[in-house]
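# Structural overview for review
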Amino acid sequence: MRPQLVIVGAGPRGTGLIERIAANAPTLYAGSGLDIHLVDPHPPGGGRIWRQAQSPLLWMNSHAEDVTMFTDETVPMDGPVREGPTLHEWAGLDGRTFADRRLQGRYLRWFHERSLAALPPGITVHHHPRRALRVSGPREGRQQVWLEGRPRPLPADAVVLALGHLDSEPEPEQAELAAYARTHGLVHLPPDFTADSDLSVLRPGEPVLVRGFGLAFVDLMVLLTEGRGGRYEGDVYVPSGREPVLYAGSRRGVPYHAKIGYDWTGPRPPLPRFFGPEQVRELSAGRGGDEFRRSIWPLVEKELGFAHYHRLFDAHPGRTAMNWADFEEKYAAATGPAEVAALVSAAVPDPADRLDLAALDRPLDGVRHASYEEFQEGLRGHIEADLSRRHDPGHSADLGVFLGLLSVYGQLARLGDIGSWWHGFFSYLASGPPGPRLRQMLALSRAGLLKFVGAGMTVTAEDGVFRAASPTVPGFSVTARALVEARLPEPTLARARDALLRGLHADGAVETPDGLLRVDPGDGRVLDGAGRPHPRRFALGPYTDGRTPGAFTRPRTGGPAFRQNDATARAALVLLRDVGGCAVA
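Being a predicted model, the structure only gives us computed values, none of them experimental. (Residues numbered from 1 in each chain as written. Predicted model: local features only at pLDDT ≥ 70, side-chain atom pairs only at ≥ 80, totals over all residues. Heavy atoms only, no water.)

### Topic: the packing of helix 11 (residues 372-390) against helix 14 (residues 435-446)
Relative orientation of the contacting elements helix 11 and helix 14 amounts to 155 degrees, with a least axis distance of 10 Å. Between helix 11 and helix 14, the interaxial angle falls into the category roughly antiparallel. In this structure, helix 11 meets helix 14 at a crossing whose hand is left-handed. Touching R380, I383, E384, D386 and L387 of helix 11 are G435, L438, R439, L442, S445 and R446, all from helix 14. Of the residues belonging to the contact of helix 11 with helix 14, the class tally is four nonpolar, two polar and five charged. (Axes fitted to C-alpha atoms, helices over the stretch in contact; angles between N-to-C directions. Helix = DSSP H or I, 4+ residues; strand = E, 2+ residues; numbered from the N terminus. Parallel < 35°, antiparallel > 145°, perpendicular 65-115°, else oblique. Left-handed = near helix turned anticlockwise from the far one by under 90°. Contact = heavy atoms within 4.5 Å. Nonpolar A, V, L, I, M, F, W, Y, C, P; charged D, E, K, R; others polar.)

### Section: the side chain of N565
Mapped onto the elements of the fold, N565 is located in helix 16 (residues 560-580). Look past the residues within four positions of N565 in its chain and what remains in contact with it is R13, G16, L17, R20 and L540.

### Some points on the packing of aromatic side chains
Counted according to the given criterion, the structure contains 29 aromatic pairs. An angle of 20 degrees between the planes, with centres 6.0 Å apart, marks the rings of Y107 and W110 as stacked. Note that Y107 and W110 are positioned in helix 3 (residues 101-118) at a spacing of three residues, about one turn of the helix. Owing to a relative accessible area of 0%, Y107 belongs among the buried residues under this scheme. Looking at W110, the relative accessible area reads 24%, which means it is partly exposed. On the numbers, 5.2 Å between centres and 90 degrees between planes, the contact of W297 with W421 is edge-to-face. (Phe/Tyr/Trp six-rings, centres within 6.5 Å; stacked < 30°, edge-to-face > 60°. Buried < 20%, exposed > 50% of the residue type's maximum accessible area, 1.4 Å probe, protein only.)

### Comments concerning the packing of helix 5 (residues 215-224) against helix 14
Between helix 5 and helix 14, whose axes approach to 11 Å, the crossing angle comes to 55 degrees. Looking at the two axes, helix 5 sits oblique to helix 14. The chirality of how helix 5 crosses helix 14 is left-handed. Residues F217, V218, M221 and V222 of helix 5 form the contact with helix 14, whose own contacting residues are R437, Q440, M441 and L444. Of the residues assigned to the contact of helix 5 with helix 14, the class counts are six nonpolar, one polar and one charged.

### What about the nonpolar core?
One recurring pattern in soluble globular proteins is that nonpolar side chains are buried together. If you look at the biggest cluster of nonpolar residues, it comprises 86 residues, and the most contacted ones within it are F217 and W422. The element contributing the most residues to this core is helix 12 (residues 397-412), with nine residues. Ignoring any residue separated from it by four or fewer positions in sequence, one finds F217 in contact with V210, G212, L246, A248, M441, L450 and A486. I18, V160, A162 and L576 belong to the second-largest nonpolar core, a separate cluster that totals 26 residues. (Core = buried A, V, L, I, M, F, W, Y, C linked by side-chain atoms within 4.5 Å.)

### Here's the deal with the sheet that holds strand 13 (residues 450-454)
Strand order across the open sheet formed by five strands is 8-17-9-12-13, with parallel pairing between neighbours. In this open sheet, the two strands that pair with only one neighbour each are strand 8 (187-189) and strand 13. When strand polarity is set aside, the average angle formed by the axes of neighbouring strands in this sheet is 20 degrees. Examined bridge by bridge, strand 12 (residues 245-249) and strand 13 share four bridges and lie parallel to one another. Looking at the pairing, L246 lines up with L450 of strand 13. Along the sheet, helix 5 makes contact with strand 9 (207-211), strand 12, strand 13 and strand 17 (482-485), crossing strand 12 at roughly 170 degrees. (Pairing = 2+ DSSP bridges.)

### Digging into the pattern of salt bridges
Pairing is possible between side chains that carry opposite charge, provided their charged atoms lie close to one another. If you walk through the whole model with that rule in mind, you get 37 salt bridges. One salt bridge connects R211 with E485, and the closest N-O pair in it is separated by 2.6 Å. In this pair, R211 is assigned in strand 9 and E485 in strand 17, connecting sequence segments 274 residues apart. Note that D398 and R389 form a salt bridge whose closest N and O atoms lie 2.7 Å from each other. (Salt bridge = Lys/Arg side-chain N within 4 Å of Asp/Glu carboxyl O.)

### What about the environment of A64?
Mapping A64 onto the fold places it in the loop between strand 2 (34-39) and helix 2 (87-91). For the pair A64 and E89, spaced 25 residues apart in the sequence, the C-alpha separation amounts to 8.3 Å. With sequence-adjacent residues up to four places away left out, A64 is seen in contact with T86, L87, H88, L93, D94, G95 and T97.

### Quick word on the environment of P267
Mapped onto the elements, P267 comes out in the loop between strand 12 and helix 6 (277-282). Residue class for P267 comes out partly exposed when judged on its relative accessible area of 46%. When the C-alpha atoms of P267 and R311 are compared, they prove to be 8.4 Å apart, with 44 residues separating the residues in sequence. Leave out the neighbours within four places in its chain, and P267 touches H310, R311 and D314.

Structure follows, in structure tokens:
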């Protein structure tokens, strides 16, 4: 029998892996042919998240020019570069457009078909539109992948799990709230992919508590307003009368920062500078929680500060009081936060030009408003100020920090588990909504259809209703018969609804403290309890401790997901070559 490779997951990650197989096979694999089995109930390319059957109102969260499926020379990989068009080049869009997700799905389908066409003769891909239920087989021998509705498994010399975002069982608090809702005839929508949620249970005119202020909230907001027939006339929302009233809050109490609305000009900061491969080699894997704060965060903070001040001194020298060479030397030599703060105070006169990551992360900490209406006005002012700053090139040091965040994430992906706090921090600063979405929030707030609850939002179930409160407005609370948890399910093995991941958990797969699957940071092989890589099983994606930033890669940013795809493809091809006795081309 020809060597057999099973890839579970046909979305962007699985398709990207096929592209890397096509790029590397001519030099790593030749001779006996290869069957690749692509297992996914959804269409290859777009998969579940980017499928065609969803509302055209749902946008991507990146400019079309910032979305590519193709490698370039900035990716640190051993395989060959295979360049191709970004989304905006392929679709003929303005680069600053936020394309809808259905268009991205068509781009992904085209990329999938192009990748198939690039495979060498003798390598054949078979799509199985089914769910994979479990993987079995001896550690040193051929694996079996069992599919829904099939009595016999697919034989596999190697298995790659590229499952993407998945549903999960509710955590204890969610289970209690759901049970309370059933008992009292309430509505409780747990963490989910908003496009898949049944929003018809949220009735017009009624209050709905929403916990979460990130991208899942934006999708919910869109589907419950424009999706129900409302429209925008400039900065004014004209309701259809079918909208509920959303009361939204979160731990931070504010929306994610808007996407930056201008392009980079001039030299980029030379990254990495203080947190690169050398520092990663000196750190051990699995440094989550408190250990992240102690040993890794100081390096991250220094790297982000370097990116910020490099841009400030280069693009806005009139707002500095020291030459860059002197500042850089002293910044590099500074040994602690107090020393850095003193240097920055002397070199950067305006506090608005200084980087304060704590204030950025928690803008409402310690903030109290005397009345609910005062807070509504105050948060609208916060959103307006964020929109203004994120679209003003005069504050382009913010874009320097963004590039620093991308660089840092690429290094952290090599360390393994570093805790969930970092991922939330990154998303809040670097992966927020398009500016037009925040302007829509302002319009909905002025129309009385979106009301802000505050930071540290708590939800209790009592007296037959849900009640929300926040210390931002002492003494204020709001009740409702509907509660929506506007966030994605946590990608943990223990609570995954996916049968395959549950099986791995039951079989003793090694998890991080956050419940992620441990994988080798080099090539993505699944690790056992002794830290040994499984010779035939690989895993890529958000449920692993090698997860990478964002859904897609920006061109010319090093692409950690591309690096992982390439390393996994090459390792799998070498394994399959050895199994099949193939010659190297």
